[in-house]
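Residues per chain are reported as follows:
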There are 2 protein chains.
Amino acid sequence: MMVVDILERKIGVNFNDDGSAEIWLWAPPATAVSVWVNDSKLPLIMKKMDLGYWFLQTSLIKPLDMYHFEICKADGGFTDPAEKVLNLPDPASLFQYDGVAGNSKAFDLKGFNWTDDGWVGLDLQDFIIYELHTGTFTPNGDFESIESKLDYLLGLGITAIELMPIAQFPGNRNWGYDGVFPFAVQNTYGGPLALQHLVNACHKKGLAVILDVVYNHFGPEGNYFAEFGPYFTDKHQTPWGSAINFDDAGAHGVRNYFIENALMWFRDFHIDALRLDAVHAIQDFGEVHILSEIKSSVSKLAELKGKKYELIVELDLNDNQYINPQNKGGYGMDGQWIDEFHHALRVSAGQKPHGYYADFSGVAHLAKSYNDAYVYDGQFSPHRKKHFGKPANGNGGKQFVVFSQNHDQIGNRMLGERTSTLVSFEMLKLLAGAVFCSPFIPLIFMGEEWAETNPFQFFISHSDKDLIAAVRKGRKAEFAAFHHEEDTPDPQSETTFNHSKLDWNRLDTGQHNSLFTYYKHLISLRKTNPILADLNRDNVKAEALSNQQCVLLTRWYTSQKMICLMNF
Amino acid sequence: MMVVDILERKIGVNFNDDGSAEIWLWAPPATAVSVWVNDSKLPLIMKKMDLGYWFLQTSLIKPLDMYHFEICKADGGFTDPAEKVLNLPDPASLFQYDGVAGNSKAFDLKGFNWTDDGWVGLDLQDFIIYELHTGTFTPNGDFESIESKLDYLLGLGITAIELMPIAQFPGNRNWGYDGVFPFAVQNTYGGPLALQHLVNACHKKGLAVILDVVYNHFGPEGNYFAEFGPYFTDKHQTPWGSAINFDDAGAHGVRNYFIENALMWFRDFHIDALRLDAVHAIQDFGEVHILSEIKSSVSKLAELKGKKYELIVELDLNDNQYINPQNKGGYGMDGQWIDEFHHALRVSAGQKPHGYYADFSGVAHLAKSYNDAYVYDGQFSPHRKKHFGKPANGNGGKQFVVFSQNHDQIGNRMLGERTSTLVSFEMLKLLAGAVFCSPFIPLIFMGEEWAETNPFQFFISHSDKDLIAAVRKGRKAEFAAFHHEEDTPDPQSETTFNHSKLDWNRLDTGQHNSLFTYYKHLISLRKTNPILADLNRDNVKAEALSNQQCVLLTRWYTSQKMICLMNF
């Protein structure tokens, strides 16, 4: 029987200490399943187990072997019981060496020689997050190159890097949200071993690593899930089509799959925190929300390992049920992003109230966010056309991640402009101050600290022509109403990708360097000043001076008091 | 601004003490709205208010006047801005005198002279429920005829009648789940005044009244909701199509509509409890679940009125979040039906494990339900093909309604057979004993107490031919696999309806009368014996003797102990 083992990955191909492999695949509609290894002409027949699982123990597959599954299915229903035979990579593949269309490459998760024993993780309130996209952070765009920047990041003062999704996506250029192998580490970034090496290096230097994972949809290319089983349900619709099946018939296989995934990153890659993408699109009406079940498993692992593991969600709902403890009816997530802080801050800084910004008044709402975290906690939202939110009572400041920009807020603009090209240099400093003086967890987006002017645009590298055309068309349509004369950058073009890379040469020049120094001191102040370092929301009072476009933020700690006056 | 008033209905047409009327309609896409009264040639123009509402105060409409709305909408988008004009009844109509296709009839909710001042309601643990279908309970099939049976019901010992849905449905024969005017009381049952009269009579005799309400879908005929506004969302699918919109854009109007509805039954019809139909199909991912918002409003009303109001849900989820208190993260529902007790009981009594019965083992699962309420509290369910349920820890016995049959369990059989024609006379007594000796709230279905042998079949009286054909076809298809040679009763035929009426003449004959006496004594025992009357689940221990097909149920109260041996 397939039961998730907290201490060892079970799904996919895994190696025992004696070198033999155990292989588990969930494929309920299959009538027969075999594993094909390298160029062998002999398939290895898997055994049918309970609840749609298939199993094989074998010594005929070794680490770095290429393999795929052959699945026989009765197709066409009762009138045409012809068997359909499919040859597919492993949905729990750890390495797609040849990309999403290739076979899977076996990988020994336990093969890496970790030297981070002393590292136990970071307390939530100590996270100062640097979000980065592996492909555009450095000229080489891989994990190894990130390692060469760790000392720089330490010097800046950040305590955690957050990697945008690294699960295997089609091609070599992608934000990462088109991943189709949630267990496989992107081949063009260096694959699983390079990721383990990077995390080990981070821990040796005292840096935590957050990984962005996508449990709400799969990408459109290389997506074979429907062939394996009921990974989707028509009961709920998401922006990407039918929702992933967390509560309908067959959900056990899907739930196990994602629980295994979360456990793997913490246990086998020593990741410190997951950032779970857009969990409002994880639609689960079951008795135990999948996020809560993931939390329970991760808590067990944390206890067994004696480490700190955090689960931080991106959530477009002002609903603290997600971040409340499980014993109070919550799902037990440790923290959540609050985009509303960003929206209020940006409108304060002059952003016109288009689209979702229409809900935000500027300084009054920014003050509300300092006081209440959520701007909307029950009021009617004109943009959403409904009442929205409930009060975040009882949730500490460390449960909220704030920023003045992030990959989405930059890249979802047609031209992907960073704030550096949208507001004055003085305003850049004010934006940073607003974030670092907040009683929340600060996050900056790579290059923000030196006012990088290169954009961060939306890019893909699909191979399916229709899909490429559809993405191009969608991107143009998204901005049609706002930009009549400019051209949408072509998401498929390598130029768009290259334009989005950081230009590290700027760091040492003029105002870029001044801003870097400013960020460095601001972060240092945040870490060393006991008032700023304290994230107790009871010791915060913000007031908007709307006529003066100012926010007066008062914070205190024991007998000390600090007043931040922000003049927008 | 339209804000729900706990103490007075606001939606629809309502009369002030001075005789003038206030009219509120929610119709966001409308460009103009008028009210037409009786045969007047002068429309009354409504005023556009905030958030899609329209309002009018007028003295030109009186109670019992006929009226409808005229709605102008820009139709066809920007290229063809031709206006569409619709004449429709009031979605919050209180009386559809001429049926679902007719105009609405104004009704003064405050006109009835209540004489039940002394009645404060019933404690949840004292409910002994008699479920009845108004149309088939008596030969006349209306509210007035129910009143003539109240003394009989008192003699039997029940404490609450539960009316199957009485919201206006198409035609004059329907279970009630095809209702399309949630505020209107079925015209063929006698309309709103007759319902007020019945409830008043019940309270005078010390009987509580539970009303079955349907907040998860509307019926297919006479359903004009989509013309008025975004009552539906494509984000979720239910067995009846797109879900009612409780969490998408425009949800505020839909939520207010149902909150108003729940308040009205308690406040203006003195209903004691609502039985909310299939709330698992109410799909709400918003921050405050609509059930919780209904609970908050009803609690306020109860406090203001000094009465007891209960919310009991039908729920096909073993998820005690629904019935946990709001301060523990629950939705605050007071109780729920547990079909699983029924399924386990019926399999114990010889029901073959077809369909959903396949999940149930008989006595072992019956004992589990006595002990744990939920049979499945996390185990894998073969029928549902997923893990199902979580433990009902902390929930008292009074939160669970149990039965050996109900309208659904009878009527969802192709031939609508009651247990009286399926099991032996001795088994009927055992089934009753199993229900009344449980530490849960007992419910019986009309006629059960005298082993009525007339069936309770599925019937409709639609007027749309395609719809009738579709229902007939669906009904046949549902049973095609099980019944090859028998004919599905025609749901549209009046004969099917008439066959389903109780035959009160049986009550006085032979075994029918013996069973009635047996029920009477059993109910009396249940009410007077302190062990049976105590619904503390900590004082219960059930054990299955599987080889002997027996359940040994032990219950105790202070120093007293009772053992019920059930030999199936």
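Residues numbered from 1 in each chain as written. Chains lettered and ligands numbered in written order. Predicted model: local features only at pLDDT ≥ 70, side-chain atom pairs only at ≥ 80, totals over all residues. Heavy atoms only, no water.

**Q** Residue-level account of the interface of chain B and chain A, with values.
**A** Each side of the interface is counted separately: chain B has 31 residues, and chain A has 31 residues. Contact between chain B and chain A buries roughly 2400 Å² in total, counting both sides, with carbon and sulfur atoms accounting for 55%. Counting the surface chain B buries against chain A, the share from its top three residues, Phe-285, Glu-287 and Lys-386 of chain B, is 30%. If you look at where chain B meets chain A, you find 0 salt bridges. For the interface between chain B and chain A, the tally reads 15 residue pairs in polar contact (both at pLDDT 80 or more). Put simply, the parts of the chain that give the side of chain B that touches chain A at least two residues each are β15 (232-238), α6 (251-269) and β21 (386-387) of chain B. Residues belonging to the side of chain B that touches chain A are distributed by class as follows: 8 nonpolar, 11 polar and 12 charged. (Contact = heavy atoms within 4.5 Å. Buried area = accessible area lost by both parts, 1.4 Å probe. Salt bridge = Lys/Arg side-chain N within 4 Å of Asp/Glu carboxyl O. Polar contact = N/O pair within 3.5 Å; in protein donor to acceptor, adjacent residues only side chain to side chain. Helix = DSSP H or I, 4+ residues; strand = E, 2+ residues; numbered from the N terminus. Nonpolar A, V, L, I, M, F, W, Y, C, P; charged D, E, K, R; others polar.)

**Q** Before we move on, could you go through the sheet that holds strand β5 (residues 47-48) of chain A and cite the residues and values that matter?
**A** All names here are of chain A. Reading across from one edge, β1-β2-β6-β5 is the order of the 4 strands in this open sheet, with antiparallel pairing throughout. Both edges of this open sheet fall to β1 (12-15) and β5, since each of them pairs with a single strand only. Relative to strand β2 (residues 21-26), β1 runs antiparallel, the two sharing 4 bridges. Each bridged residue has a counterpart across the sheet, and for Asn-14 the counterpart in β2 is Glu-22. (Pairing = 2+ DSSP bridges.)

**Q** Could you give me a rundown of the pairing of strand β23 (residues 441-445) of chain A, with the residues and numbers involved?
**A** Residues and elements named next belong to chain A. Counting buried positions along β23 yields 5 of 5 residues, so the element is predominantly enclosed. Neither face of β23 is exposed, since Ile-441, Leu-443 and Phe-445 on one face and Pro-442 and Ile-444 on the opposite face are all buried. Pairing analysis gives 3 bridges linking strand β10 (residues 129-132) to β23, with the strands arranged parallel. Paired with Ile-129 across the strands is Leu-443, a residue of β23. One ladder, built from 2 bridges, connects strand β22 (residues 400-402) with β23; its direction is parallel. The residue of β23 that forms the bridge with Val-401 is Ile-441. (Buried < 20%, exposed > 50% of the residue type's maximum accessible area, 1.4 Å probe, protein only.)

**Q** Hey, could you go over the side chain of Ser-20 of chain A for me, with residue numbers and the actual values?
**A** All names here are of chain A. Among the structural elements, Ser-20 can be located in the loop between β1 and β2. One polar contact links Ser-20 to Asp-18, side chain to side chain, over a distance of 2.7 Å. In contact with Ser-20, not counting residues within four places along its chain, are Asn-14, Phe-15, Gln-57, Thr-58 and Ser-59.

**Q** Residue-level account of the domain arrangement of chain A, with values.
**A** All names here are of chain A. You can read the domains of chain A as domain 1 (12-105) and domain 2 (124-341 + 396-462 + 490-529). The straight-line distance from the C-alpha centre of domain 1 to that of domain 2 is 31 Å. Contact with domain 1, which involves 25 residues of that partner, is made by 29 residues of domain 2. Here domain 1 packs against domain 2, burying approximately 2000 Å² in sum over the two surfaces, 69% of which is carbon and sulfur. In this assembly, domain 1 and domain 2 are joined by 2 salt bridges. A salt bridge links Glu-227 to Lys-73; its shortest N-O distance comes to 2.9 Å. Viewed at the interface, domain 2 and domain 1 are joined by 9 residue pairs in polar contact (both at pLDDT 80 or more). Here the side of domain 1 that touches domain 2 takes 3 residues from strand β8 (residues 83-88), the largest share from any one element. Taken together, the residues of the side of domain 1 that touches domain 2 sort by class into 18 nonpolar, 3 polar and 4 charged. (Domains from an automatic or database assignment.)

**Q** Report on the relation of the copies chain B and chain A, specifying residues and quantitative values.
**A** Aligned on chain A, chain B shows an RMSD of 0.0 Å; the corresponding rotation is 180 degrees and the shift along the axis is 0.0 Å. Both chain copies can therefore be described as sitting about a two-fold axis. A high fraction, 100%, of the interface residues of chain B reappear at the interface in chain A, so the copies pair face to face through one surface. (Least-squares fit on C-alpha atoms with pLDDT ≥ 70 in both.)

**Q** Talk me through the packing of α6 of chain B against helix α7 (residues 290-305) of chain B; I want residue IDs and the actual numbers.
**A** To characterise two packed helices, one gives the angle between the axes of the helices and the distance between these axes. Residue and element names in this part refer to chain B. Relative orientation of the contacting elements α6 and α7 amounts to 35 degrees, with a least axis distance of 10 Å. Note that α6 runs across α7; the crossing there is right-handed. Contacts from Arg-255, Phe-258, Ile-259, Ala-262, Leu-263, Phe-266 and Arg-267 of α6 reach α7 at Ile-290, Glu-293, Ile-294, Ser-297, Val-298, Leu-301 and Lys-305. Considering only residue class, the contact of α6 with α7 consists of 9 nonpolar, 1 polar and 4 charged. (Axes fitted to C-alpha atoms, helices over the stretch in contact; angles between N-to-C directions. Left-handed = near helix turned anticlockwise from the far one by under 90°.)

**Q** Could you give me a rundown of the pattern of salt bridges, with the residues and numbers involved?
**A** Residues and elements named next belong to chain A. Applying the stated criterion to the full structure yields 47 salt bridges over all chains. Residue Asp-247 is joined to Lys-235 by a salt bridge in which the shortest nitrogen-to-oxygen separation is 3.8 Å. Placement of Asp-247 in the loop between β16 (241-244) and α6 (251-269) and of Lys-235 in strand β15 (residues 232-238) is noted, with a sequence separation of 12 residues between them. With a relative accessible area of 26%, Lys-235 lands in the partly exposed category. In this structure, Arg-267 engages Asp-268 in a salt bridge whose closest nitrogen and oxygen atoms are separated by 3.1 Å.

**Q** Please provide a residue-by-residue account of the sheet that holds strand β6 (residues 53-58) of chain B, values included.
**A** The pairing of strands in a sheet happens through backbone hydrogen bonds and is either parallel or antiparallel. Residues and elements named next belong to chain B. Spatially, β1-β2-β6-β5 is the arrangement adopted by the 4 strands of the open sheet, whose pairing is antiparallel. With one partner strand each, in any of the chains shown, β1 (12-15) and β5 (47-48) form the two edges of the open sheet. For strand β2 (residues 21-26) and β6, the ladder comprises 6 bridges, and the chain directions are antiparallel. Each residue of the ladder has a partner; that of Leu-25, found in β6, is Trp-54.

**Q** Break down the packing of aromatic side chains for me, with residues and values.
**A** Taken as a whole, this structure holds 85 aromatic pairs over all chains when the rule is applied. Their ring planes at 85 degrees and their centres at 5.8 Å tell us that Tyr-374 of chain A and Phe-400 of chain A sit as a pair that is edge-to-face. Of this pair, Tyr-374 of chain A sits in the loop between α9 (363-372) and β20 (380-381) while Phe-400 of chain A is found in strand β22, placing the two residues 26 residues apart along the sequence. Relative to Trp-504 of chain B, the ring of Phe-137 of chain B lies with its centre 5.3 Å away and its plane at 75 degrees, an arrangement referred to as edge-to-face. Of this pair, Phe-137 of chain B sits in helix α1 (residues 134-137) while Trp-504 of chain B is found in the loop between α13 (494-499) and α14 (510-528), placing the two residues 367 residues apart along the sequence. One exposure class covers both Phe-137 of chain B and Trp-504 of chain B, and it is buried. A cation sits over an aromatic face here: Lys-149 of chain B above Trp-504 of chain B, 3.8 Å from the ring centre. Between the NZ or CZ atom of Arg-384 of chain B and the centre of the ring of Phe-388 of chain B, over which it lies, the distance is 3.7 Å. (Phe/Tyr/Trp six-rings, centres within 6.5 Å; stacked < 30°, edge-to-face > 60°. Lys NZ or Arg CZ within 6 Å of the ring centre and 35° of its normal.)

**Q** Which residues make up helix α8 (residues 339-348) of chain B, and what are the values?
**A** Residues and elements named next belong to chain B. In terms of burial, α8 is a largely internal element, 9 of the 10 residues being buried. By the burial criterion, the buried members of α8 are Glu-340, Phe-341, His-342, His-343, Ala-344, Leu-345, Arg-346, Val-347 and Ser-348. Buried-residue contacts for α8 involve α9 (363-372), β22 (400-402), α10 (407-411) and α11 (425-436). Among the residues trailing α8, Gly-350 stands out with phi positive, at a value near 110 degrees.

**Q** Describe unusual backbone geometry, with residues and values.
**A** Residue and element names in this part refer to chain A. Of note, the phi angle at Asn-38 is positive, near 45 degrees, even though the residue is not glycine. Mapping Asn-38 onto the fold places it in the loop between β3 (30-37) and β4 (44-45). A positive phi angle, near 60 degrees, is found at Lys-385, a position not held by glycine. Position of Lys-385 relative to the elements: it lies in the loop between β20 and β21 (386-387). The class of Lys-385 is partly exposed, set by a relative accessible area of 49%.

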